[in-house]
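Descriptive structure summary
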Amino acid sequence: MLAGVLERGGATKSVAIRRDDREEMALARRGRMNNYQNVRTAVNRWAQGHYRAIQDSGTELSDAGVDLARSVGVLEPTHIRVMLVDQVPIMEDPVISCLAKSVGMLNGTIMGMTFGHSIYIASGFESTRLYSHEFRHVYQYETFGSLEAFMEEYLHQVLTFGYSKAPLELDAKEFEIE
């Protein structure tokens, strides 16, 4: 089933974040991250940048991928784009990587990450289980209505419960298909 999740041409790609996004990240690194509002703003800008990059250069789902996404609740699976990458780009920004480390996200290899209808998958880790997990995050995003609303709740949960016990992560694990 896995070979059919992405349309042809789903090659591994490098990620380029727009210059203005890099400038915003640089400002964040210069010490303006002293409160939750600033962290939330930085996370949302970071997520929006990756959302755009994947939507612009990612690969559409195949019919099998659309079916898998629907099976975990996704309402608009044809809007999903997936980008295969050598490594999910979370370490590029020190604020984001520090935050991820503090909530337990960096305790192993990051195999996938979802930003709305945009998904990174690390090459070599493609599996039905991983795709179904990330597709469930797409569904969650759809229910929140915007990337910002989803990221705000996700950030709150991982800061409150830790990554592995955050309710949105537990929900995605429940919908994993082996």
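Described in the following lines is the structure provided in the data block. (Residues numbered from 1 in each chain as written. Predicted model: local features only at pLDDT ≥ 70, side-chain atom pairs only at ≥ 80, totals over all residues. Heavy atoms only, no water.)

A tally of regular secondary structure across the chain gives seven helices and four strands. From first element to last, N terminus to C terminus, the chain shows the α and β order α-α-β-α-β-α-β-β-α-α-α. Within the span of the chain, comprising 178 residues, buried residues form 48% of the whole. When contacts within the chain are restricted to residue pairs at least 6 apart in sequence, long-range pairs at least 24 apart make up 72% of them. Looking at the chain as shown, the accessible area adds up to about 9000 Å², and 48% of this sits on carbon and sulfur atoms. (Helix = DSSP H or I, 4+ residues; strand = E, 2+ residues; numbered from the N terminus. Buried < 20%, exposed > 50% of the residue type's maximum accessible area, 1.4 Å probe, protein only. Contact = heavy atoms within 4.5 Å. Areas by Shrake-Rupley, 256 points an atom, 1.4 Å probe, with all protein chains shown as cover.)

By the definition in use, this model includes five aromatic pairs. Note on Phe144 and Phe150: the rings are 5.9 Å apart at their centroids and 70 degrees apart in plane angle, and the pair reads as edge-to-face. Overall, the relative accessible area of 33% leaves Phe144 in the partly exposed class. A residue is classified by how much of its surface remains accessible, and Phe150, at 3% relative accessible area, is buried. Here the aromatic residues Trp46, Phe115 and Tyr120 are joined through ring pairs into a cluster of three or more. A cation over an aromatic ring shows up here: Arg136 above the ring of Phe175, its NZ or CZ 3.5 Å from the ring centre. (Phe/Tyr/Trp six-rings, centres within 6.5 Å; stacked < 30°, edge-to-face > 60°. Lys NZ or Arg CZ within 6 Å of the ring centre and 35° of its normal.)

Let's shift gears to the pairing of strand E2 (residues 81-85). Counting buried positions along E2 yields five of five residues, so the element is predominantly enclosed. What you see with E2 is no split at all: Arg81, Met83 and Val85 on one side and Val82 and Leu84 on the other are buried throughout. Where strand E1 (residues 59-60) and E2 come together, two bridges link them in antiparallel fashion. Of the residues in E2, the one forming a bridge with Thr59 is Val82. (Pairing = 2+ DSSP bridges.)

For Ile90, the location among the structural elements is in the loop between E2 and helix H4 (94-102). For Ile90, a relative accessible area of 4% corresponds to the buried category. The spacing of Ile90 and Trp46 is 44 residues in sequence and 9.6 Å in space, taken between C-alpha atoms. Excluding its chain neighbours within four sequence positions, the residues that come into contact with Ile90 are Trp46, Ile96, Ser97, Ala100, Met105, Leu106, Ile110 and Met113.

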